[in-house]
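What follows is each chain in one-letter form.
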Amino acid sequence: MSVMKNLTKGFFKENPVLVLALGLCPSLAVTTSIENGIGMGLAATAVLIGSSTIISFLKKFIPESIRIPIFIVIIATFVTMIDLTLQAFIPALSKSLGLFIPLIVVNCIILGRAEAYASKNSVFSSMIDALGMGIGFTIALVLISSVREFAGTGSLFGYPLFQLMGIEGFQGSIMMILPPGGFLTMGLILGFMQWNKLRKKAKEGGR
Amino acid sequence: MDFSHLVVIAVSSIFINNFVLGRFLGICPFIGVSKKLESAVGMGMAVIFVMTLASIATYTVQKFILDPFGIQYLQTIAFILVIASLVQFIEMFMKKNMPSLYSALGIFLPLITTNCAVLGVAILNIDSSWADGTRYNFIESAWNGFTGGVGFTVALVLMAGIRERLELADLPESLKGLPIAFITSALIAMAFLGFSGMSIM
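Values in this document were obtained by computation on a predicted structure and should not be read as measured data. For every chain, the first residue of the written sequence is number 1, and numbering continues from 1 along that sequence. Chains and ligands are labelled by the order in which they are written, letters from A for the one and numbers from 1 for the other. This being a predicted model, a pLDDT of at least 70 is required before a residue's local features are given, and a value of 80 or more before pairs of side-chain atoms are given or counted; all residues contribute to the totals for chains, interfaces and linings. To get the side-chain values, take all heavy atoms of the structure and skip hydrogens and water.

### Here we look at the packing of helix α1 (residues 3-16) of chain B against helix α8 (residues 138-166) of chain B
Residues and elements named next belong to chain B. Closest axis-to-axis distance for the α1/α8 pair is 8 Å, and the angle between their directions is 30°. Classified by the interaxial angle, the pair formed by α1 and α8 is roughly parallel. When you trace α1 past α8, the crossing you get is right-handed. Residues H5, L6, I9, A10, S13 and I14 of α1 form the contact with α8, whose participating residues are E140, W143, N144, T147, G148, V150, G151 and V154. Class assignment of the residues belonging to the contact of α1 with α8 gives a composition of seven nonpolar, six polar and one charged. Angles here are taken between N-to-C directions and fall from 0 to 180 degrees, while the axes themselves are lines fitted to C-alpha atoms, restricted in helices to the stretch in contact. Secondary structure elements follow DSSP: runs of H or I no shorter than four residues count as helices, runs of E no shorter than two count as strands, and numbering proceeds from the N terminus. Throughout, the term roughly parallel applies to angles under 35 degrees, roughly antiparallel to angles over 145, roughly perpendicular to angles from 65 to 115, and oblique to all others. Helix crossings get a hand from a simple test, with the near helix turned counterclockwise from the far one by less than a right angle marking a left-handed crossing and a clockwise turn marking a right-handed one. Contacts: residue pairs with any heavy atoms within 4.5 Å of one another. Only Asp, Glu, Lys and Arg are considered charged, only Ala, Val, Leu, Ile, Met, Phe, Trp, Tyr, Cys and Pro nonpolar, and every remaining residue, Gly among them, polar.

In structure tokens:
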């Protein structure tokens with residue numbers, strides 16, 4: 001597989017959240033604003049690249065039977081590093097992501113890539129795969145959070161769009177920021193993906 | 001030890017801040033294992049069991065190892081190791097001594113290590129505090145784990161009951177499967193939002 005293809009497969013075709021349905025907890029919990037979504041996406045990408053690289057380096061030395069605990073310890077080490085880094089340099093983001101930074105450890109995307117890809121492939125291609133998957137995760141988070149932020153507060157990236165266009169008195173639906181909005185947005189996006197897939201299939205079948 | 005604290009914890013973690021519907025912890029098993037009522041009940045029982053024991057174990061580790069030596073920054077690594085080995089230990093113990101329970105819950109146990117509700121409750125036990133600034137004590141932590149598991153089970157069983165009926169419903173083709181599961185959970189979460197007016201913290 002070419003490097004480019006390896007990188008971009010995680011963006012849409014094998015998007016970890018929208019297609020593989022992995023890592024659902026953070027993608028629903030922190031997507032109340034685009035800023036949080038991007039922060040979470042980048043934090044998880046950093047952990048993913050670090051852990052995939054190390055695991056791929058060590059794949060010959062890790063005994064088959066205890067590989068999962070070893071993977072988890074490696075991942076947890078990177079999560080701790082990211083956690084401390086965020087606390088030191090971006091305390092506001094660290095506060096708003098809160099509990100979900102340590103919970104990157106149990107994000108199934110990271111363990112899933114370690115198990116399915118990094119433990120079987122070369123260091124370089126594991127890094128590329130991790131980068132692609134991380135970007136795909138970030139894309140999904142940005143997509144979900146932009147819907148929620150727009151519907152919930154009427155703004156994007158914290159800019160109140162309606163006020164900027166001169167429309168006064170817009171009231172966002174607070175429910176989209178609260179938990180139900182997360183589930184609803186996710187359901188509608190997945191439904192749209194499925195609709196698109198079926199439409200493509202029907203087109204190919206009709207030819 | 002204040003008995004009212006236990007009531008507050010129970011109401012809070014089952015209804016007001018339900019682990020699945022209010023805090024978004026444990027979504028993967030909530031969506032993955034909610035197709036059949038029977039397996040939902042099994043998974044729920046396994047989660048209650050593991051969350052209670054994990055709360056006890058991680059609280060002990062925090063109080064007697066991490067705090068005295070001032071190495072709180074190792075919390076994430078320590079907790080995930082404790083939980084992973086605890087789950088492994090429970091699995092081996094059950095297999096040997098309680099074969100009937102093992103055959104009912106066994107297949108769900110490996111899934112629980114990566115259930116974020118378990119690590120989540122462990123960290124929440126350490127982080128949350130009462131209005132007067134005191135932390136959860138040992139019994140409150142264990143109780144928080146237990147009731148958190150009960151809250152997870154309530155959500156999972158509700159969801160499974162609805163999804164069993166949805167199997168027979170006439171749905172648009174593109175909403176079948178995951179999308180309708182999420183929309184259903186949005187509706188359940190909306191109902192649970194009604195509890196958020198009930199504030200006792």
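### Some details on the nonpolar core
Counting 101 residues, the largest nonpolar core has F183(A) and I27(B) as the members making the most contacts within it. What F183(A) contacts, discounting residues up to four positions off in sequence, is L28(A), V20(B), L21(B), F24(B), I27(B), F30(B), F182(B), S185(B), A186(B) and A189(B). Definition used in this section: a nonpolar core is a set of buried Ala, Val, Leu, Ile, Met, Phe, Trp, Tyr and Cys residues joined via side-chain atoms within 4.5 Å. Accessible area is worked out with a 1.4 Å probe on protein chains only. A residue is then buried under 20% of its type maximum, exposed over 50%, and partly exposed in between.

### What about the side chain of N107(A)?
Residue and element names in this part refer to chain A. Mapped onto the elements, N107 comes out in the loop between α5 (91-97) and α6 (108-118). Note on N107: relative accessible area 4%, which makes it buried. Looking at N107, its side chain comes within polar contact range of the main-chain nitrogen of I109, at 3.0 Å. The contacts of N107, once residues within four sequence positions are left out, are G23, P26 and F137. The definition of a polar contact used here is a pair of N or O atoms within 3.5 Å, where within protein one atom must be able to donate a hydrogen and the other to accept one, and adjacent residues in sequence count solely through side-chain atom pairs.

### Remarks on the interface of chain A and chain B
Residue-level contacts link 36 residues of chain A with 36 residues of chain B. In this assembly, chain A packs against chain B so that about 3,100 Å² is buried in total across both faces, 87% of it on carbon and sulfur atoms. What counts as buried area is the accessible surface, traced by a 1.4 Å probe, that two parts surrender upon association, with contributions from both included. Of all residues in chain A, the largest losses of buried area upon contact with chain B belong to C25(A), V106(A) and F183(A), amounting jointly to 21% of the total for that side. Note on definitions: salt bridges are taken to be side-chain nitrogens of Lys or Arg within 4 Å of carboxyl oxygens of Asp or Glu. The tally of links between chain A and chain B comes to zero salt bridges.

### Considerations on the state of the cysteines
Two cysteine sulfur atoms make up a disulfide if the distance between them is within 2.5 Å. Counted according to the given criterion, the structure contains zero disulfides over all chains. Here C108(A) is not cross-linked by a disulfide; its sulfur's nearest cysteine counterpart is in C28(B), at 3.5 Å. The class for C108(A) is buried, based on a relative accessible area of 19%.

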